[in-house]
Amino acid sequence: MDTETVILVIGANGQLGSVLTKSLQQKFGLERVIASDLRSIDDFHGIFEVIDATNRNKIEEVVIRYKVTQIYHLAAILSAKGEENPLQTWDINMKTFFNVLEVSRLNQVDKVFFPSSIAVFGEEAPLNDTPNNAYLNPSTVYGISKAAGENWAQYYFLKYGLDVRSIRYPGVIGYQSLPGGGTTDYAVDIYHKAVLEEEFSCFLNEDATLPMIFMDDAVRATLELMDAPKESVKLRTSYNIAGISFSPAEVVAEIRKLYPDFKVIYEPDFRQNIAESWPKSMDDSAARNDWGWKPQFDLESITETMIQKLKEKYKKGSKNREVLMF
Ligand code: SER
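This write-up is about the structure you can find in this document. Note that the structure is predicted; figures quoted are calculated from it, not measured.

1. Re the site of the ligand
- Neighbouring residues of the ligand: L78, S79, S117, Y142, G182, T183, T184 and W278.
- Between the ligand and the protein, one listed contact pairs an oxygen atom with a side-chain N or O atom of S79 at 2.6 Å.
- A distance of 2.8 Å is found between a nitrogen atom of the ligand and a side-chain nitrogen or oxygen belonging to T184.
- Out of a free accessible area of 240 Å², the ligand has 92% covered by protein chains.
- Put simply, the ligand lies in the largest pocket.
- Of the residues belonging to the shell around the ligand, the class tally is three nonpolar, five polar and no charged.

Structure follows, in structure tokens:
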């Protein structure tokens, strides 16, 4: 292991950030990972810095103080939440990324990770097995910011040699943390309702198939991409990765194998339109060929794991969902 690696995670309290931070701590050691977010967390195990990523000076001060060599920039406003205030979403998503790119360029940061999303695709892309290089006409401001961010990542690589790497995540499903403001969030919430034996109101139609990935696969993909030799990372915009694809009806059928009485009502809202503009499945052959990507979890194993882990958590904690957050 590179003994000099020092990692800054921006957005460490989020759905993916909280789990990824723990994996990075395990891999590199507590003293080599600086978690950061807008607010600190009580009882956080490790180093935590409060950073508002719209403040470039604050990021730079932390990068210099800890001699940071890698930044994982996970802070963003997601697809559904982002539509409430499009211009503010654009400002925040772009400004924070530009700050990371500039601080990295000016302070010799070795590697940057930028999460992109299936939200970069729109009506012009094939719905099934969407290729990596499909035409991008995103329908949400979140998707527009991610498509622009991918191009800026490539620009900094080509112009300045900054080693920015990126993945287009499908909807991420995990028991460890809760998502916030996304169109794929239903696929996490549904498991909580099942375990609590409550009725679930689904904001998508029963046949709204979307690409999804289990948290363990998503974290492993991120670490594998960041570990790959520089010359293997041939795409400098972003890599499609696929886990599995399913619709609400399919996940309900899987849950009912364990909870036969599980009740669901479908009340699609504006998020259904967003879902319809996204791929149903992704062609991830570039990631497979370039750096060996391969998912491990299917819908059955995701469902078994989600239900088992959430049962344990709810047994230990109260019924308050917030206690499930790190
Ligand atoms: N999970 C995200 C969302 O739904 C997509 O990247 O917004």
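This is not the end of the story, as more comes after the structure.
2. Comments concerning the sheet that holds strand 7 (residues 171-173)
- The strand order 7-9-11 describes an open sheet built from three strands, whose pairing is mixed. Edge positions in the open sheet fall to strand 7 and strand 11 (244-246), since each of these has one partner strand only. Pairs of neighbouring strands in the sheet enclose a mean axial angle of 45°, with direction left out of account.
- Taken strand by strand, helix 6 (residues 186-196) contacts strand 7, strand 9 (210-214) and strand 11, and its axis lies near 25° from that of strand 7.

3. Thoughts on the nonpolar core
- Residues I173, Y186, Y191, F246, I255 and M306 are the most contacted members of the largest nonpolar core, which totals 46 residues.
- Listing elements by their share of this core, those giving two or more residues are helix 5 (141-160), helix 6, strand 8 (200-202), strand 9, strand 11, helix 8 (248-256), helix 9 (270-276) and helix 11 (299-316).

4. Description of the pattern of salt bridges
- Applying the stated criterion across every chain, the model contains 16 salt bridges.
- Across the pair D217 and R220 runs a salt bridge, and its minimum N-O distance is 2.9 Å. A residue pair is termed a helical-turn pair when its members lie 3 or 4 positions apart in one helix, as D217 and R220 do in helix 7 (residues 215-227) at three residues.
- According to the relative accessible area criterion, D217 is buried, its value standing at 1%.
- Here R271 and D269 are joined by a salt bridge, their closest N and O atoms 2.6 Å apart.
- On the basis of relative accessible area, D269 is assigned to the partly exposed category, the value being 27%.

5. Some thoughts on the packing of aromatic side chains
- Scanning all chains against the criterion turns up 14 aromatic pairs.
- Centre to centre, the rings of F97 and F114 are 4.0 Å apart; their planes meet at 20°, and the pair counts as stacked. Here the residue F97 occupies a position in helix 4 (residues 86-106), and F114 occupies one in strand 5 (residues 111-117), the gap between them amounting to 17 residues. Take F97 and F114: they sit in the same class, and that class is buried.

6. Looking at unusual backbone geometry
- Its identity is not glycine, yet Q108 carries a phi of approximately 55°, on the positive side.
- Within the fold, Q108 resides in the loop between helix 4 and strand 5.
- For Q108, a relative accessible area of 61% corresponds to the exposed category.

7. A look at helix 4
- With 21 residues, helix 4 ought to run about 30 Å at 1.5 Å a step, and its terminal C-alpha atoms sit 30 Å apart, in line with that.
- Restricting attention to buried positions, one finds in helix 4 the residues T89, N93, M94, T96, F97, N99, V100, L101, E102, V103 and S104.
- Phi turns positive one or two residues past the end of helix 4, at Q108, with a value near 55°.

8. So, the sheet that holds strand 1 (residues 7-10)
- With parallel pairing, seven strands are arranged side by side in an open sheet as 3-2-1-4-5-6-10. The outermost strands of the open sheet, each flanked by one partner alone, are strand 3 (47-50) and strand 10 (239-240).
- With respect to the sheet, helix 2 (residues 56-66) is in contact with strand 1, strand 2 (33-37), strand 3 and strand 4 (70-73), its orientation differing from that of strand 3 by roughly 155°.
- This element, helix 4, spans strand 1, strand 4, strand 5 and strand 6 (163-169) of the sheet and lies at about 175° to strand 4.

9. Side note on empty space enclosed by the protein
- Tallying each qualifying case throughout the model produces one cavity of 30 Å³ or more.
- Its volume calculated, the largest cavity comes out at about 60 Å³.
- As for the largest cavity, its lining consists of H73, A75, A76, N93, M94, F97, F114, S145 and K146.
- The leading source of residues in the lining of the largest cavity is helix 4, at three residues.
- A class-by-class count of the residues in the lining of the largest cavity yields five nonpolar, three polar and one charged.

10. Notes on the layout of surface pockets
- Of the pockets and cavities examined, the largest pocket occupies roughly 1300 Å³.
- As for the largest pocket, its lining consists of 47 residues, of which G14, Q15, L74, A76 and L78 are closest to the centre.
- When residues of the lining of the largest pocket are traced back to their parent elements, those giving at least two are helix 1 (15-28), helix 3 (79-82), helix 4, strand 5, helix 5 and strand 7.
- Grouping the amino acids of the lining of the largest pocket by side-chain chemistry returns 23 nonpolar, 17 polar and seven charged.

The rules behind each value
Residues numbered from 1 in each chain as written. Predicted model: local features only at pLDDT ≥ 70, side-chain atom pairs only at ≥ 80, totals over all residues. Heavy atoms only, no water. Near = heavy atom within 4 Å. Polar contact = N/O pair within 3.5 Å; in protein donor to acceptor, adjacent residues only side chain to side chain. Areas by Shrake-Rupley, 256 points an atom, 1.4 Å probe, with all protein chains shown as cover. 1 Å grid on protein atoms, 1.4 Å probe; cavity = no way out; pocket = protein on both sides within 12 Å on 5 of 7 lines; lining within 4 Å. Sits in = over half its atoms within 2 Å of the grid points. Nonpolar A, V, L, I, M, F, W, Y, C, P; charged D, E, K, R; others polar. Pairing = 2+ DSSP bridges. Helix = DSSP H or I, 4+ residues; strand = E, 2+ residues; numbered from the N terminus. Axes fitted to C-alpha atoms, helices over the stretch in contact; angles between N-to-C directions. Contact = heavy atoms within 4.5 Å. Core = buried A, V, L, I, M, F, W, Y, C linked by side-chain atoms within 4.5 Å. Buried < 20%, exposed > 50% of the residue type's maximum accessible area, 1.4 Å probe, protein only. Salt bridge = Lys/Arg side-chain N within 4 Å of Asp/Glu carboxyl O. Phe/Tyr/Trp six-rings, centres within 6.5 Å; stacked < 30°, edge-to-face > 60°. Expected span 1.5 Å × (residues − 1). Points joined across faces, edges and corners; volume = space filled by probe spheres on them.

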